[in-house]
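The residues making up each chain are set out below.
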Amino acid sequence: MEKHRIKEILNKTVNEYFESQDFNEKANEDTVLFGKESVLDSMGLVNVIIDIESRFLDEDYEISLTSEKAMSRRNSPFRTISTLADFIGEQVTENEEIDE
Amino acid sequence: MRKFIKQMLQNHAFQKKTALVDNNYQYTYRDLLQKVNDYEKLLLNNGIEKKTVIIYGDFDINSVTMFLALLITGNVVTLMNNDNRENSELQKTIGANFIFDHVTENIIKLADNKLPSLTAKLFHQNESGIIFFTSGTTGKPKAILHSATKLLKKYEFSKKSYITLGFLLFDHIAGIDTLLYTLFAHGALVRITDRSPDNVYETLRENHVEVFPTSPSFLTMLIIRSLWNSSELPNFKIITFGSERMADETLKKTKIMLGTEVRAIQKYGITEMGSPIVKSKPNDPLWISIDRRTTDYKIENGVLFLKASTSMLGYIYPDRCEEFNGWFNTQDKVEVDGEWIKILGRTTDIINVGGQKVYPAEVESVLLEMDNINDVSVFSKDNPIMGKIVAAKINLEDDEPVNSLKKRIRKYCKSRLESFKIPAYIKITKEKQVSDRFKKVRK
């Protein structure tokens, strides 16, 4: 899966969550998901993570964003949509290699 | 026990009155008495006294009268449905001596099982007993021994005679409560074997049933099926529900379905403690008041504890017995307002989301208010961030993509529930969310 496609899915998923919460925000690759500047509270982050995982599952990619690996990284993959896309990119590639 | 049951059956005023309706056949109190007398003789002739006997049965004439005959002759009765038939482990645990088959009327002797000490103590006092099984929290059935004298005493207060549907199951304390209340009040019990919403409704209608004891989960099924037509049920008076917390929304829909002439009453029962006599608040039956004549109660940390004259003697385990005395922790969280108590949910069902408590029933109630949602069960799912999160399995009226449903749920719940209570995980299912005992399945 191409990086821009991953970002597309992330933007769409996060935007849908923003809409459901009546946030006047539009997601782009610099949108902060976790941290002080984020509009998401902890429950919001939990929701977005679950949504993203299930979106990728719809595309037949099984990813886990809350694995030991993700949680223990020095630079949290949840900082922005862009860093998250990188992190998902790694898992998607692993997925594709297994399939081959 | 003998005198108590015989007096009920022999009462002259009711000899010609219907006691039991099975498959359109009506049995009078005289029929019941005759059959009980026959069985009593049979038991005595075969030396079946102070024995433990399993009835594989239902609310048919044979099972009902054998149940009474066994109590009269000083035995311990265990009620089982056919699912447990081959379970020799259970038979061994309770020290069963005989099996009564309600279809063939055969009494089958079992291999010698060891008499549990609790049962021995009961027999020593020349008393009869009843054993119920509960699923327990581990899923392994637990055997609970009751003294029949203690458990049946409260039926001397049974006065209101109604035609009642035997909907709650025969092998369950709530089912036996329906049976005994009905008989001691000289009402009529209508047997039902097919418990689908359509057949239940037909049976209510055809038999002019007045009282229908059921569960909130089954009421949800009835509401979805939208069969209820009050004009077809002119005699119908009371619906009772218990065994699990009813969502406020289900109650609201139930009231609309039933119309203003029908009363909805909540019951409360715990297999270990019997069913206390309770009164429902007239305008809001989710609030109950426990009658202290049979049951005392206290509330500790919001959890209900009961002490009852109808409490069990104890548990029978495969290798030992555990005698019970004193206060029983119901594990039901309650809200209190003077004499009134509202059941919030089982402490074991509570979902702990990052340290904050969520009652599944509260969330279910809000979701049920939404369009296109027929039924819902709320349960907990592990989550690495919050520890647990709220998850919901949903039955829809019409197909809808999960993402659109999720969005609707979040929008709707936003103003109704705190954010940690809003289901983070949503699954659409076509499966029924009700167990064989018509309780909500939360997993």
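Everything below is about the structure printed above this text.
Presented here is a report on the structure given in the accompanying data block. For clarity, every value in this text was computed on a predicted model and none was experimentally measured.

### A word on the sheet that holds strand 15 (residues 287-290) of chain B
Residues and elements named next belong to chain B.
Okay, so step 1: Pairing is antiparallel across the open sheet formed by six strands, whose spatial order is 14-15-21-20-17-16. What marks the edges here is a single partner per strand, and that holds for strand 14 (278-280) and strand 16 (295-300). Sheet twist, expressed as the average angle between the axes of neighbouring strands with direction ignored, equals 45°.
Okay, so step 2: Direction of pairing for strand 20 (residues 328-337) relative to strand 21 (residues 340-346): antiparallel, over a ladder of six bridges.

### Here's the deal with helix 1 (residues 3-20) of chain A
All names here are of chain A.
Okay, so step 1: Compared with the 26 Å implied by 1.5 Å per residue over 18 residues, the 26 Å span of helix 1 between its first and last C-alpha is a close match.
Okay, so step 2: All of the buried residues in helix 1 are Ile6, Ile9, Leu10, Thr13, Val14, Asn15, Tyr17, Phe18 and Ser20.
Okay, so step 3: Within two residues after helix 1, Asp22 carries a phi angle of roughly 60°, on the positive side.

### Comments concerning the packing of aromatic side chains
Residue and element names in this part refer to chain B.
Okay, so step 1: According to the stated counting rule, one finds 13 aromatic pairs over all chains in the structure shown.
Okay, so step 2: With a centroid separation of 5.6 Å and an interplanar angle of 80°, the aromatic rings of Tyr39 and Phe100 are classed as edge-to-face. Remark: Phe100 occurs in strand 5 (residues 98-101) and Tyr39 occurs in helix 2 (residues 29-45); sequence separation between them is 61 residues.
Okay, so step 3: The class for Tyr39 is buried, based on a relative accessible area of 4%.
Okay, so step 4: Its relative accessible area of 0% is what places Phe100 among the buried residues.
Okay, so step 5: Taking the centre distance of 5.8 Å and the plane angle of 75° together, the rings of Phe324 and Phe328 count as edge-to-face.
Okay, so step 6: On the basis of relative accessible area, Phe324 is assigned to the buried category, the value being 15%.
Okay, so step 7: The class of Phe328 is buried, set by a relative accessible area of 10%.
Okay, so step 8: Over the ring of Phe305 we find Lys298, and its NZ or CZ is 5.6 Å from the ring centre.

### Thoughts on the packing of helix 1 (residues 2-10) of chain B against helix 3 (residues 61-72) of chain B
Residues and elements named next belong to chain B.
Okay, so step 1: Contact pair helix 1 / helix 3: the axes reach a minimum separation of 8 Å and the direction vectors enclose 140°. Considering the relative orientation of helix 1 and helix 3, their crossing is left-handed. Residues Arg2, Ile5, Lys6 and Leu9 of helix 1 lie in contact with helix 3, whose contacting residues are Leu68, Leu71 and Ile72.
Okay, so step 2: Its residues assigned to classes, the contact of helix 1 with helix 3 shows five nonpolar, no polar and two charged.

Rules of the game
- Residues numbered from 1 in each chain as written.
- Chains lettered and ligands numbered in written order.
- Predicted model: local features only at pLDDT ≥ 70, side-chain atom pairs only at ≥ 80, totals over all residues.
- Heavy atoms only, no water.
- Pairing = 2+ DSSP bridges.
- Helix = DSSP H or I, 4+ residues; strand = E, 2+ residues; numbered from the N terminus.
- Axes fitted to C-alpha atoms, helices over the stretch in contact; angles between N-to-C directions.
- Expected span 1.5 Å × (residues − 1).
- Buried < 20%, exposed > 50% of the residue type's maximum accessible area, 1.4 Å probe, protein only.
- Phe/Tyr/Trp six-rings, centres within 6.5 Å; stacked < 30°, edge-to-face > 60°.
- Lys NZ or Arg CZ within 6 Å of the ring centre and 35° of its normal.
- Left-handed = near helix turned anticlockwise from the far one by under 90°.
- Contact = heavy atoms within 4.5 Å.
- Nonpolar A, V, L, I, M, F, W, Y, C, P; charged D, E, K, R; others polar.

By themselves, these are just geometric observations and shouldn't be taken as functional.
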